[in-house]
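Here are the chains, one letter per residue:
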Amino acid sequence: MLDALTTAGRENSNAAVMYHTAMGERLGLGMSEEKTIDLLQRLGPLTAGEICRHTGLAPATVSNLIDRLEAKGLARRARHPKDRRRVIVEVDWERLAGFDELFVPLATGLAGLYERYTDEQLELILDFLGRATAIQRDATAALTRQET
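What counts as what
The numbers attached to residues start from 1 for each chain and follow its sequence in the written order. This being a predicted model, a pLDDT of at least 70 is required before a residue's local features are given, and a value of 80 or more before pairs of side-chain atoms are given or counted; all residues contribute to the totals for chains, interfaces and linings. Side-chain metrics rest on all non-hydrogen atoms present in the structure, leaving aside hydrogens and water. Note that patches include only residues with greater than 30% relative accessible area and no salt bridge, and the join distances are 9 Å for like charges and 5 Å for nonpolar side chains (Val, Leu, Ile, Met, Phe, Trp, Tyr). Only the protein chains shown count as covering a residue, and every accessible area follows the Shrake-Rupley method with a 1.4 Å probe. Salt bridges are defined by distance alone: a side-chain nitrogen of Lys or Arg within 4 Å of a carboxyl oxygen of Asp or Glu. Under the DSSP-based scheme used, a helix requires at least four consecutive residues in state H or I and a strand at least two consecutive residues in state E, with every element numbered from the N terminus. We call a set of buried Ala, Val, Leu, Ile, Met, Phe, Trp, Tyr and Cys residues a nonpolar core when their side-chain atoms join them within 4.5 Å. Relative accessibility thresholds used throughout: buried, under 20% of the residue-type maximum; exposed, over 50%; partly exposed, between the two (1.4 Å probe, protein chains only). Here the axes come from fitting lines to C-alpha atoms, over the contacting stretch only for helices, and the angles between their N-to-C directions go from 0 to 180 degrees. Under this scheme an angle from 65 to 115 degrees is roughly perpendicular, one under 35 degrees roughly parallel, and one over 145 degrees roughly antiparallel; angles in between are oblique. Contacts are assigned to residue pairs with any non-hydrogen atoms lying within 4.5 Å of each other. Here the nonpolar group is Ala, Val, Leu, Ile, Met, Phe, Trp, Tyr, Cys and Pro; Asp, Glu, Lys and Arg are the charged ones; every other residue, Gly included, is treated as polar. On a scale of 0 to 100, pLDDT captures the predictor's confidence in every residue.

Brief notes about a nonpolar patch on the surface
- A cluster of nonpolar side chains, contributed by Leu106, Leu110, Leu113, Tyr114, Tyr117, Ile125, Phe128 and Leu129, occupies part of the molecular surface with about 710 Å² of accessible area.
- By residue number, the principal contributor to the nonpolar patch is helix H6 (residues 104-114), which donates four residues.

Put into structure tokens, the structure is as follows:
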């Protein structure tokens, strides 16, 4: 069972990477750019430090990532509304208009999959995904610390 879980996890990871690579190509974005836009859409404006914490990427990598998103007109640095000394990164919603439509087939397929499970099963799946995500984020952070 553990071997099967490992294989299934790797297959899921591969499918996710390939999906987001293809989506990034459609949008003219690298995968880390696309996923950072996703973070900003879901969580709202974030500081560079918060992006580092959510992604596990090193500060220099995040700074370059924000520069690329700004150059593409998809995000911008702005003064924090409550603390003018801080800078936040926010998406340009007008520029992103229409991007969500590309995700509809995947979202529809996943919604159909969720319907096959009970609420209790979905809670277990949600717990597993949350814990697996934390482990992967920690592993990413460890890799970025090794780069420096």
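Further notes follow.
A word on the nonpolar core
- If you look at the biggest cluster of nonpolar residues, it comprises 18 residues, and the most contacted ones within it are Ile37, Leu40, Ile51, Leu74, Val89 and Leu96.
- Listed by contribution, the elements that provide at least two residues to this core are helix H1 (2-27), helix H2 (31-43), helix H3 (48-55), helix H4 (59-71) and strand E2 (87-91).

Considering the pattern of salt bridges
- The tally for this structure, following the rule as stated, stands at ten salt bridges.
- One salt bridge in this structure joins Glu33 and Arg68, with 2.6 Å as the shortest N-O distance. Residue Glu33 is located in helix H2, and its partner Arg68 is located in helix H4; the two are separated by 35 residues in the primary sequence.
- Judged by its relative accessible area of 34%, Arg68 is partly exposed.
- With a closest N to O distance of 3.5 Å, Asp92 and Arg76 form a salt bridge. In this pair, Asp92 sits in the loop between E2 and helix H5 (93-96) while Arg76 sits in strand E1 (residues 75-79), placing the two residues 16 residues apart along the sequence.
- Residue Arg76 is classed as partly exposed on the basis of its relative accessible area of 35%.
- Connected through shared salt-bridge partners, Glu33, Arg68 and Lys72 make up one network.

Here we look at the packing of H1 against H2
- Direction vectors running N to C along H1 and H2 enclose 90°, while the axes themselves pass 8 Å from each other. Classified by the angle between their axes, H1 and H2 sit roughly perpendicular to one another. Contact residues: H1 offers Val17, His20, Thr21, Met23, Gly24 and Leu27, while H2 offers Met31, Glu34 and Lys35.
- Split by residue class, the contact of H1 with H2 holds four nonpolar, three polar and two charged.

Examining the confidence of the model for the chain
- In this model, the chain carries an average pLDDT of 91, and 98% of its residues clear a pLDDT of 70 or more.
- Per-element confidence in the chain ranges from a low mean pLDDT of 88 for H5 to a high of 96 for H6.

Some words on the packing of H2 against H4
- It is the contact of H2 with H4, at a shortest axis distance of 10 Å, that shows an interaxial angle of 80°. Relative to H4, the element H2 lies roughly perpendicular. Facing Ser32, Glu33, Thr36 and Ile37 of H2, the residues of H4 in contact are Leu65, Arg68 and Leu69.
- Considering only residue class, the contact of H2 with H4 consists of three nonpolar, two polar and two charged.

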